[in-house]
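Structural features, examined
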Amino acid sequence: QVQLVESGGGLVQAGGSLRLSCAASGRTFSSLAMGWFRQAPGKEREFVAAITMSGGFTHVADSVKGRFTISRDNAKSTVYLQMNSLKPEDTAVYYCAGGRTWLPQDYWGQGTQVTVSS
């Protein structure tokens, strides 16, 4: 089993930056693709970004392309989401996910709140 714990959320002004982290337990992190999803109030959960097991390929949603970057450190069993030029519409609960398929959705974290004020 894999447990995922997100951190790094908070309140930021529009145009600001945040870096989310997701620490994984277990010994299989390097065998998992990892991703980030988000859910805004009243909306369905949506894909944000994903990264392959080795980190050699990443995919980001069009809505965040050029602003958000996903990366991972397999030695630390951690995946990151660097968020720059944040907009109020980025306000959501951000969830870390991992899995052996693409897009990874087998394991989920508890979520971390990101609020962007205008």
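Throughout what follows, the structure given in this document is the object of discussion.

Each value, and the rule that gives it
Residues numbered from 1 in each chain as written. Predicted model: local features only at pLDDT ≥ 70, side-chain atom pairs only at ≥ 80, totals over all residues. Heavy atoms only, no water. Phe/Tyr/Trp six-rings, centres within 6.5 Å; stacked < 30°, edge-to-face > 60°. Lys NZ or Arg CZ within 6 Å of the ring centre and 35° of its normal. Pairing = 2+ DSSP bridges. Helix = DSSP H or I, 4+ residues; strand = E, 2+ residues; numbered from the N terminus. Axes fitted to C-alpha atoms, helices over the stretch in contact; angles between N-to-C directions. Core = buried A, V, L, I, M, F, W, Y, C linked by side-chain atoms within 4.5 Å. Buried < 20%, exposed > 50% of the residue type's maximum accessible area, 1.4 Å probe, protein only. Contact = heavy atoms within 4.5 Å. Salt bridge = Lys/Arg side-chain N within 4 Å of Asp/Glu carboxyl O.

1. Digging into the packing of aromatic side chains
Inspection of the entire model under this criterion finds 4 aromatic pairs. Put simply, the rings of Phe37, Phe47, Tyr95 and Trp108 touch in pairs and so form one group of aromatic residues. The lysine or arginine in question, Arg45, covers the ring of Trp108, its NZ or CZ lying 4.5 Å from the ring centre. One residue, Arg72, lies across the ring of Phe29, its end atom 4.4 Å from the ring centre.

2. Things to note about the sheet that holds strand β8 (residues 78-83)
Sheet strands line up and pair through hydrogen bonds in the backbone, either parallel or antiparallel. Pairing within the open sheet is antiparallel, and its 4 strands lie in the order β1-β3-β8-β7. Here the strands that pair on one side only, and so sit at the sheet edges, are β1 (4-7) and β7 (68-73). Each adjacent strand pair in this sheet contributes to an overall mean axis angle of 15 degrees, direction not counted. In this structure, β1 lies alongside strand β3 (residues 18-24), joined through 4 bridges in antiparallel fashion. From the neighbouring strand, Ser7 faces β3, where its bridge partner is Ser21.

3. Side note on the nonpolar core
Counting 34 residues, the largest nonpolar core has Met34, Trp36, Val79, Leu81, Met83 and Tyr94 as the members making the most contacts within it. Looking at this core, the elements with two or more residues in it are β3, β4 (33-39), β5 (46-51), β7, β8, β9 (92-99) and β11 (112-117). The element that contributes the greatest number of residues to this core is β5, accounting for 5 residues. The residues contacting Met83, other than those within four sequence positions of it, are Gly16, Ser17, Leu18, Leu20, Arg67, Phe68, Tyr94 and Val114.

4. Description of the pattern of salt bridges
Considering all chains together, one arrives at 4 salt bridges under this definition. Taking the shortest distance from any N to any O, the salt bridge between Arg38 and Asp90 comes out at 2.9 Å. Of this pair, Arg38 sits in strand β4 while Asp90 sits in the loop between β8 and β9; the two residues are 52 residues apart in sequence, bridging distant segments of the chain. Assigned by exposure class, Arg38 and Asp90 land together as buried. As a salt-bridge pair, Asp90 and Arg67 come within 2.7 Å of each other at their nearest N and O atoms. In this pair, Asp90 is assigned in the loop between β8 and β9 and Arg67 in the loop between β6 (58-60) and β7, connecting sequence segments 23 residues apart. Of the two residues, Asp90 and Arg67, neither departs from the other in class, the shared state being buried.

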